[in-house]
Amino acid sequence: MADAGRSLHPSAGGRGRAGRRTLRLLRLLLWVGTAFQVTQGGEPELHACKESEYHYEYTACDSTSSRWRVAVPHTPGLCTSLPDPVRGTECSFSCKAGEFLDMKDQSCKPCTEGRYSLGTGIRFDEWDELPHGFASLSSNVEINDSTNESTENCTSSKWVPLGDYIASNTDECTATLMYAVNLKKSGTVNFEYYYADSNIIFEFFVQNDQCQPNADDSRWMRTTEKGWEFHTVKLNRGNNVLFWKTTAFSVWSKVSKPVLTQLMYKWAQPKICNEDLEGAVKLPASGVKTRCPPCNPGFFKTDNSTCEPCPYGSYSNGSDCSHCPAGTEPVLGFEYKWWNTLPTNMETTVLSGTNFEYKGMTGWEVAGDYIYTAAGASDNDFMILTLVVPGFRPPQSVMADTENKEVARITFVFETICSVNCELYFMVGVNSRANAPVETWKGSKGKQSFTYIVEKNASVSFTWAFQRTTFHEIGRKYTSDIAKIYSINVTNVMNGVASYCRPCALEASDMGSSCTSCPAGHYINRDSGTCHSCPPNTILKAHQPYGVQACKPCGSGTQSNKIHSLCYNDCTFSVSSGSRLLDYNFSALADPVSLAGGPSFTSKGLKYFHYFTFSLCGNEGKKRAVCTENVTDLRIPEGEAGFSKSIKAYVCQALIIPPEVTGYKAGVSSQPVSLADRLVGVATYMTVDGITSPADLFHPESLGIPDVIFFYRSNEVTQSCSSGRATTIRVRCSPLKPAPGSLSLPRTCPDGTCDGCTFHFLWESAAACPLCSANDYHAITSSCVAGVQKTTYVWREPKLCVGGNSLPEQRITICKTIDFWLKVGISAGTCTAILLTVLTCYFWKKNQKLEYKYSRLVMNASLKDYDLPAADSCAIMEGEDVEDDLLYTSKRTLFGKIKSFASKRTPDGFDSVPLKTSSGGPDMDL
């Protein structure tokens, strides 16, 4: 005999069964639609059908995706006057989980308290009788057409409902359990079974009108001598007929063991109810066998029904282990999504909310597909759940990147249902140290996920604590307030398991190709399996990535480091401003600096400060801003090592409580958080990568030099900051503030942020001014002193630059003074005057000779008129005085004479002299 068990999911409902029960059989996650033809008898006198005597069903969908709702009697021919058919809902219509379809008005309605619904599925877990839609048939394995005697002998060999399960036959007949279903979309069938006797042949298969293939070996079920099995088969859309068939071969007189499922019921601890009161639910009988729950991904089920991890190099989805294909490697981690037993590396307890002592009670209970908080002893108790991971095994590329803080990450899906202001805490402890709170959720929260990045390769404990209320009251009021965790996924776990394999880089060896890790900053070529370096100024964000598209370009004003793991700024920046190119060097601002905000006060008057630390640029991208929590250190005696939480980032924040408040010698630093884990870009415009730095948050710039803005993002995601925190630092030229200058917070947001997610800062310094160039100075030339002239270069005022080009050296040139040129002028004038005097005397003397010659010619002419004898000679005779006989025919000025002499020279070198006749005739030239 073969018995099929109940589903593994807990049921708060059921047909008349009290109490919460672990489900035991056939869970069909599919749409069910069965068409029936109702044949009414010919009885003339039938009473009108009552509502309790019929039910509604849908007809099959037609070609227009329409169907009708018809009334079908429970017993055909018993009554008449059924309701008329009405048009049904669309064939694609479905209700959500937690709702059911009320066939009377064809609408979805929520399940009543204590009951559940699978939405688009149907579950069978009550086997008092054969559920509607099932059929049980029997036959003999040796049946033939010539006799029906053997068939009659097998009439009673059928599947028998036995309350919590249905059992097969144990004789040598063939018993078949069938269920027909019409799927509106693809689905699955899941069932649990116990099959302990190999003398029974047990097979399961599906027949449908879409000819879904079934491998020959997949229809034969495996024996489960020491436990229950869970079996799942995919179903196609359309008609599907499910067959469970068993046949026994009793060679000996031994009775075969049927296919079964065993349940053990116990009260949830602590027990806060009295089962002896009137109307109280009794604990169901234990011992009923049920299928063992499925294993989590990466595990397989052993012969003793326990889950063991798959060996390295293989993977599983919770069933059998499979070896990773060639060219792939397993992705190690822990993925918990089935909560049938608490994993071995998890533990749960209850912490008193009054005296903070552990009570040795169970704080969380498993419930199949989630784990939830137990009742506890008091409403203000903390329900504690802890997961311990001994260490991590990140990829080689991560280990080579000293600035990459992500060693691993944990992601969990949770939900809180609260009637008052409950709280769910998530805490992390490193190396068995005290847990530090990471995130807190208050009140009811819908189903959502949260991711935390592990930044240190060490033994880490993850703790969830749920408190219903902070007030201690007598009695229990909020036991229905619970927290649920649906799944927990931890990556890169040392000695973890794999649910899948990924492509890897290949290297040749004597045994063939094997997987190897690519060097940092290299991606994998999918076609060849070789490693290639990312292009310049790109970073590789994913580990073991595939294709050059995995290399992401750096933002403006940044460059990649050598291993392409991060983008950073080397403290230099250039930008065009008008017709001028401005070059910056912020090296003087590279060292960490701090800023304390104004005092703030808690609701009880406790004073504290926001303390910020900055590491602007340089250092090849190393994060040098450190914020520390020293609360623990202050309570440890001197000389003893203590544990303190520290954060390294480009910008971080901590809360500082001054000594006068704490009573310690030094102030207390607590709650350090990172505000900037990666540099997004550097620019002079206000928005980069969705981060905006409004200019009106600070006093305006007045020197005409643009602010240089650094844009950062953090990796940590919070409830209010779904994209993580962001930070902007405006670096402004201020010549009167020597390095490192001064930092300030926005005028309207004294805590540095106006929305809690984006932080803004202004850094003013002379080191933020652009580098000096030839445009920043001008030349001044001195007068000539003692034959020397000096040219001096000076900065333009106000000086708006720093470093860069130095002032040119003073230039000295030889020059001539005014006294020298005056002497030269006087000397030249004197020489000119002397020359003119000499020339004047020369020409005057020569003019006299010419006049004499002229007078002689006149005299000779007169003698000719009177027939006088001609003169023998024109020369002056000895003893004659030229001046005595000189006759002036006309009076001329000195200038006129010189002009006359110059103009009357003939080409042959002789002078032409105008003469007058004695008769007063016209002049004639000689």
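Here the structure is a predicted model, which means the values were calculated and not measured. (Residues numbered from 1 in each chain as written. Predicted model: local features only at pLDDT ≥ 70, side-chain atom pairs only at ≥ 80, totals over all residues. Heavy atoms only, no water.)

Q: In this structure, what is going on with the overall build of the chain? I would like to understand it.
A: The secondary structure content of the chain amounts to 6 helices and 64 strands. Expressed as a percentage of its 926 residues, the buried residues of the chain come to 42%. Element-wise, carbon and sulfur atoms account for 54% of the exposed surface of the chain, whose accessible area totals about 50100 Å². (Helix = DSSP H or I, 4+ residues; strand = E, 2+ residues; numbered from the N terminus. Buried < 20%, exposed > 50% of the residue type's maximum accessible area, 1.4 Å probe, protein only. Areas by Shrake-Rupley, 256 points an atom, 1.4 Å probe, with all protein chains shown as cover.)

Q: Explain the state of the cysteines here, please?
A: A covalent bond between the sulfur atoms of two cysteines is referred to as a disulfide. Overall, the coordinates contain 15 disulfides when judged by the stated rule. The disulfide partner of Cys310 is Cys321, and the gap between their sulfur atoms is 1.9 Å. With the S-S bond torsion at -85°, the cross-link from Cys310 to Cys321 turns out left-handed. With a gap of 11 residues between them, Cys310 in the loop between strand S20 (307–309) and strand S21 (314–315) and Cys321 in the loop between S21 and strand S22 (322–323) connect regions that are remote in the sequence. (Disulfide = S-S within 2.5 Å.)

Q: Honestly, the sheet that holds strand S49 (residues 651–657) in this entry has me stumped. Any pointers?
A: Sheets are built from strands paired through backbone hydrogen bonds, the pairs being either parallel or antiparallel. Taken in spatial order, the 4 strands make up an open sheet running S45-S46-S49-S50, and their pairing is antiparallel. Bordering the open sheet on either side are strand S45 (593–601) and strand S50 (668–676), each of which pairs with just one other strand. The sheet shows a mean angle of 20° between the axes of neighbouring strands, direction not considered. In this sheet, S50 lies alongside S49 in antiparallel orientation, the contact comprising 6 bridges. What sits directly across from Val651, in S50, is Ala676. (Pairing = 2+ DSSP bridges. Axes fitted to C-alpha atoms, helices over the stretch in contact; angles between N-to-C directions.)

Q: Even after reading the chapter, I still don't get the packing of aromatic side chains, so can you show me in this structure?
A: The relation between two aromatic rings is expressed through the spacing of the ring centres and the mutual angle of the planes. Applying the stated rule across the entire model yields 40 aromatic pairs. Judged by centre distance (4.6 Å) and plane angle (50°), the ring pair of Phe414 and Trp441 falls under tilted. Of this pair, Phe414 sits in strand S28 (residues 408–417) while Trp441 is found in strand S30 (residues 436–442), placing the two residues 27 residues apart along the sequence. Judged by relative accessible area, which is 0%, Phe414 ranks as buried. Given the relative accessible area of 1%, Trp441 is considered buried. Arranged with centres 6.3 Å apart and planes meeting at 40°, the rings of Phe573 and Tyr584 form a pair that is tilted. Taken together, the residues span a long stretch of sequence, with Phe573 in strand S43 (residues 572–577) and Tyr584 in strand S44 (residues 580–585) at a distance of 11 residues. Judged on exposure class, the residue Phe573 and its partner Tyr584 are both buried. Feature note: the residues Phe124, Trp127, Phe134, Trp159, Tyr179, Phe191, Tyr193, Phe202, Phe204 and Trp244 constitute an aromatic cluster, connected by ring pairs. Its guanidinium or amino end placed over the ring of Tyr58, Arg67 lies 3.9 Å from that ring's centre, counting from NZ or CZ. Over the aromatic face of Tyr486 sits the side chain of Lys447, whose NZ or CZ is 4.1 Å from the ring centroid. (Phe/Tyr/Trp six-rings, centres within 6.5 Å; stacked < 30°, edge-to-face > 60°. Lys NZ or Arg CZ within 6 Å of the ring centre and 35° of its normal.)

Q: I tried to follow unusual backbone geometry on my own but got confused; where do I start?
A: Trans peptide bonds make up most of the peptide bonds, and negative phi angles are found at most residues other than glycine. Geometrically, the link from Ala739 to Pro740 is a cis peptide bond, its omega value of 5° lying close to zero. A cis amide bond links Glu797 with the next residue in sequence, Pro798, at an omega value of -5°. Phi is positive for Ser81, which is not a glycine, with a value near 60°. Structurally, the position occupied by Ser81 is in the loop between strand S6 (68–73) and strand S7 (86–87).

Q: What is the right way to look at the environment of Ile656 in this model?
A: Residue placement: Ile656 occurs in strand S49. Setting aside its immediate chain neighbours within four residues, Ile656 contacts Tyr608, Phe609, Tyr611, Val668 and Ser669. (Contact = heavy atoms within 4.5 Å.)

Q: Mind showing me how you'd approach the pattern of salt bridges here?
A: Opposite charge on two side chains permits them to pair, given that their charged atoms come into close proximity. A full pass over the atoms with the stated rule returns 14 salt bridges. Across the pair Glu764 and Lys737 runs a salt bridge, and its minimum N-O distance is 3.1 Å. Here the residue Glu764 occupies a position in strand S57 (residues 758–765), and Lys737 occupies one in the loop between strand S55 (726–733) and strand S56 (742–744), the gap between them amounting to 27 residues. The partly exposed category is assigned to Lys737, whose relative accessible area is 29%. Ionic contacts of the salt-bridge type, sharing partners, join the residues Asp102, Asp105 and Lys109 into one network. (Salt bridge = Lys/Arg side-chain N within 4 Å of Asp/Glu carboxyl O.)

Q: When you look at the side chain of Ser669 in this model, what are you seeing that I'm missing?
A: Inspection of the secondary structure assignment puts Ser669 in strand S50. Given a relative accessible area of 11%, Ser669 falls into the buried group. Among the polar contacts listed, one links the side chain of Ser669 to the backbone oxygen of Thr628, at a separation of 2.3 Å. (Polar contact = N/O pair within 3.5 Å; in protein donor to acceptor, adjacent residues only side chain to side chain.)

Q: Quick question: what am I supposed to make of the sheet that holds S55 here?
A: Pairing in this open sheet of 5 strands is mixed, and the strands run S51-S54-S55-S57-S56 from one edge to the other. Of all the strands in the sheet, the pair left with one neighbour each is strand S51 (678–683) and S56. Neighbour to neighbour, the strand axes of the sheet diverge by 20° on average, direction disregarded. Note: S51 against strand S54 (residues 708–713), 5 bridges, orientation antiparallel. Counterpart to Ala683 in the pairing with S54 is Ile709.

Q: Help me out: how do you make sense of the confidence of the model for the chain in this one?
A: Caution is warranted with low-pLDDT regions, since their predicted coordinates should not be read in detail. Per-residue pLDDT for the chain averages 78, and the proportion of residues at 70 or more is 76%. Throughout residues 1–43 the model reports pLDDT below 50, and contacts reaching past four residues in sequence, or to other chains, amount to 197 contacts. Here residues 632–643 is modelled with pLDDT under 50, and outside its nearest four sequence neighbours on either side it reaches 13 contacts, counting other chains as well. (pLDDT = per-residue confidence, 0-100.)

Q: Could you clarify how one ought to interpret the environment of Cys501 in this entry?
A: Mapped onto the elements, Cys501 comes out in strand S34 (residues 497–503). A residue is classified by how much of its surface remains accessible, and Cys501, at 18% relative accessible area, is buried. For the pair formed by Cys501 and Gly327, sequence separation is 174 residues and the distance between their alpha carbons is 9.5 Å. Excluding its chain neighbours within four sequence positions, the residues that come into contact with Cys501 are Tyr315, Cys324, Pro325, Thr328, Glu329 and Pro330.

Q: What should I look at first to understand the pairing of strand S8 (residues 99–102) in this one?
A: Judged from the 4 bridges that link them, S8 and strand S9 (residues 107–110) form a sheet pairing that is antiparallel. By the bridge assignment for S9, Glu99 is matched with Pro110. Adjacent in sequence and paired antiparallel, S8 and S9 are bridged by 4 residues, among which Gln106 carries a positive phi angle near 55°.

Q: Looking at this structure, how should I read the environment of Cys173?
A: Take Cys173: it is sitting in strand S14 (residues 173–183). Taking the relative accessible area as the measure of exposure, Cys173 reaches 6% and is therefore buried. On a C-alpha basis, the gap between Cys173 and Ser156 in space is 9.4 Å, while along the polypeptide they are 17 residues apart.

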